[in-house]
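# Survey of secondary and tertiary structure
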Amino acid sequence: MKTIKIGLLGLGNIGTGSYKTLEMNRDEIEKSSGLDLRITKILEKDTERKRDITVSPEQFTQDPEEIFNDPDIQIVIELLGGIEPAATFMAEAMKHGKSVVTANKAAVAANYERLTNTAKENGVMFRYEASVGGGIPILNALTTVLKANKYEEVLGILNGTTNYILTQMTDYGLDYEDVLKVAQEKGFAEADPTADVEGIDCANKLSILMALTFGNYVPPTQIPTEGITGITKQNIKNAKANGCRIKLISSARMVNGKVEYAVKPMELPETHPLASVNNEFNAIFVKGNAVDELMFYGKGAGPLPTGSAVMGDVLEIAKVLAAHM
Ligand code: HSE
């Protein structure tokens, strides 16, 4: 069996979920792909934290160069979060001939052109399925089986934390702060939840979706963005009285040859398909000129759903690499 060695940058919530996905499904992965995927080095400061996985002390390193300069490592998974040093580490790994997988929407959205160009220039693969919609295979669908379409519209609920907060406030009348705490405990929220609740995480994801659908890269800072911090219990009550639910909607649509885009909370009638997408679930609605309307639904946050997308990308790259070994 061919072995593909992997370097992992970051063993936080998502790093642990990705590692665990590989650990718990190793037999199935080996059986279906004929490949032995090995995470041999992990860049992580916190080596003492209790994690529900088996990692030996020799796997840890404090020096990213050890991973970039390891000739046996062919794939680098970046799960550090934040824009820097994550983006520079990804570019560095590519320059050392490693293919890169990430779930880091902030780093991808802020550096979309730099990272996609660096991958091309160095002849390596770059995949970031987990960066949008957690476990939902939306980017793969948009860039492969739907590629024969002209896209007309993409919109959805792209943030699990805010959807969880709005759902719990709506269904149980709970307070914003209490629900945010639970979302953080469940590993949905970003290290700094400001990015979730202010809509910045959605803007990052919408920026990536627009680049892949309309071929129109708009930096997330240029997307009009409003989060949910201004939503009160009273707003939710009023919406309910009108037969509506408040959802944080990210949207981009082609209007007269121009893309219009925004992230903002909206009152949706209870009968609207996105109104019944609750808790950490995400949904993405896509309209293409040939396929017409499609909806993708699944868990948009959490270590294992995100780990599923990360390891799916790793496996796709590993198959290509193995074909040339
Ligand atoms: N904080 C993000 C969310 C994680 O809640 O959706 C997944 O991107």
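Residues numbered from 1 in each chain as written. Predicted model: local features only at pLDDT ≥ 70, side-chain atom pairs only at ≥ 80, totals over all residues. Heavy atoms only, no water.

## A look at the environment of Leu9
Put simply, the rule reads: Every helix listed is a DSSP run of H or I at least four residues long, and every strand listed is a run of E at least two residues long, numbered separately from the N terminus. A contact between two residues is defined here by any heavy atoms of the two lying within 4.5 Å.
By the element assignment, Leu9 lies in strand E1 (residues 2–9). Taking the C-alpha atoms as reference, Leu9 lies 7.3 Å from Val76; in sequence the two are 67 residues apart. Ignoring anything within four residues of it in the chain, the contact list for Leu9 reads Leu43, Ile67, Val76, Ile77, Glu78, Leu79, Leu80 and Phe89.

## Some remarks on the site of the ligand
Stated precisely, the cut-off is as follows: In this text, near means that some heavy atom of the residue lies within 4 Å of the molecule or strand in question. Identification of polar contacts relies on pairs of N or O atoms within 3.5 Å, with a donor-acceptor requirement for protein atoms, meaning one able to donate a hydrogen and the other able to accept it, and with residues adjacent in sequence counted only if both atoms are side-chain atoms. For the accessible areas, the method is Shrake-Rupley and the probe is 1.4 Å, while residue cover comes only from the protein chains on display. In this count, Pro and Cys sit with the nonpolar residues alongside Ala, Val, Leu, Ile, Met, Phe, Trp and Tyr, while Asp, Glu, Lys and Arg are called charged and the others, Gly among them, polar.
Close contacts around the ligand come from Lys105, Asn159, Gly160, Thr161, Phe188, Ala189, Glu190, Asp196, Asp201, Lys205, Gly300 and Ala301, and that covers them all. Between an oxygen atom of the ligand and a side-chain N or O atom of Lys105, the distance comes to 2.7 Å. Interatomic distance of 2.8 Å between a side-chain N/O atom of Lys205 and an oxygen atom of the ligand. Expressed as a share of its isolated accessible area of 250 Å², the protein-covered part of the ligand is 95%. Listing elements by their share of the shell around the ligand, those giving two or more residues are helix H8 (160–172) and helix H11 (200–213). Of the residues belonging to the shell around the ligand, the class tally is three nonpolar, four polar and five charged.

## Side note on the pattern of salt bridges
Our working definition: Throughout this description, the term salt bridge denotes a Lys or Arg side-chain nitrogen within 4 Å of a carboxyl oxygen of Asp or Glu. Burial status follows relative accessibility: with a 1.4 Å probe on protein chains alone, a residue under 20% of its type maximum counts as buried, one over 50% as exposed, and anything between as partly exposed.
Applying the stated criterion to the full structure yields 16 salt bridges. The residue Lys20 makes a salt bridge to Asp52 at a minimum N-O spacing of 2.7 Å. In this pair, Lys20 is assigned in helix H1 (residues 13–24) and Asp52 in the loop between strand E2 (35–43) and strand E3 (60–61), connecting sequence segments 32 residues apart. The exposure class of Lys20 is partly exposed, given its relative accessible area of 23%. The closest approach of N and O atoms between Lys233 and Asp175, which form a salt bridge, is 3.1 Å. Of this pair, Lys233 sits in helix H12 (residues 233–241) while Asp175 sits in the loop between H8 and helix H9 (176–185), and the two are 58 residues apart along the sequence. Residue classification places Asp175 among the partly exposed residues on the basis of a relative accessible area of 39%. Taken together, the shared-partner salt bridges in this structure form one network comprising Arg26, Glu30, Asp36 and Arg38.

## Quick look at the packing of aromatic side chains
As a reminder, the rule being used: Ring pairs shown here join Phe, Tyr and Trp side chains whose ring centres sit within 6.5 Å, with only the six-membered ring taken for Trp; geometry is labelled stacked below 30 degrees between planes, edge-to-face above 60, and tilted in between.
Counted under the stated rule, the structure contains six aromatic pairs. Both rings, one in Tyr112 and one in Tyr217, keep their centres 5.6 Å apart while their planes meet at 20 degrees; by these two values the pair is stacked. Of this pair, Tyr112 sits in helix H6 (residues 112–121) while Tyr217 sits in the loop between H11 and H12, placing them 105 residues apart in sequence. Overall, Tyr112 belongs to the buried group, its relative accessible area being 13%. Each member of the aromatic cluster is reached from another via a ring pair, and the members are Tyr112, Phe126, Tyr128 and Tyr217.

## Some thoughts on the sheet that holds strand E6 (residues 126–127)
Just so we agree on the cut-off: We call two strands paired when DSSP finds no fewer than two bridges between them. Axes, fitted as lines to C-alpha atoms, cover a helix only where it is in contact. Angles between the N-to-C directions of the axes lie from 0 to 180 degrees.
Pairing in this open sheet of six strands is parallel, and the strands run E3-E2-E1-E4-E5-E6 from one edge to the other. Bordering the open sheet on either side are E3 and E6, each of which pairs with just one other strand. Relative to strand E5 (residues 99–102), helix H4 (residues 86–95) is tilted by about 155 degrees, and along the sheet it contacts E1, E2, strand E4 (73–78), E5 and E6.

## Some thoughts on the pairing of E2
For E2, a buried count of seven out of nine residues is recorded, marking the element as mostly surrounded by other parts of the structure. Summarising the sheet, E1 and E2 pair through eight bridges and their orientation is parallel. Looking at E2, one finds that Lys2 is bridged to Leu35. Summarising the sheet, E2 and E3 pair through two bridges and their orientation is parallel. Its bridge partner being in E3, Leu43 is matched across the sheet by Thr61.

## Description of the environment of Gly302
Structurally, Gly302 is set in the loop between strand E11 (292–299) and helix H13 (303–323). When the C-alpha positions of Gly302 and Pro220 are compared, they lie 23 Å apart, and in sequence the two are 82 residues distant.

## Digging into the pairing of E4
Most of E4 is tucked away: five of the six residues are buried. For E1 and E4, the ladder comprises five bridges, and the chain directions are parallel. Along E4, the bridge assignment pairs Ile6 with Ile75. With four bridges joining them, E4 and E5 adopt parallel strand pairing. By the bridge assignment, Ile77 is partnered in E5 with Val101.

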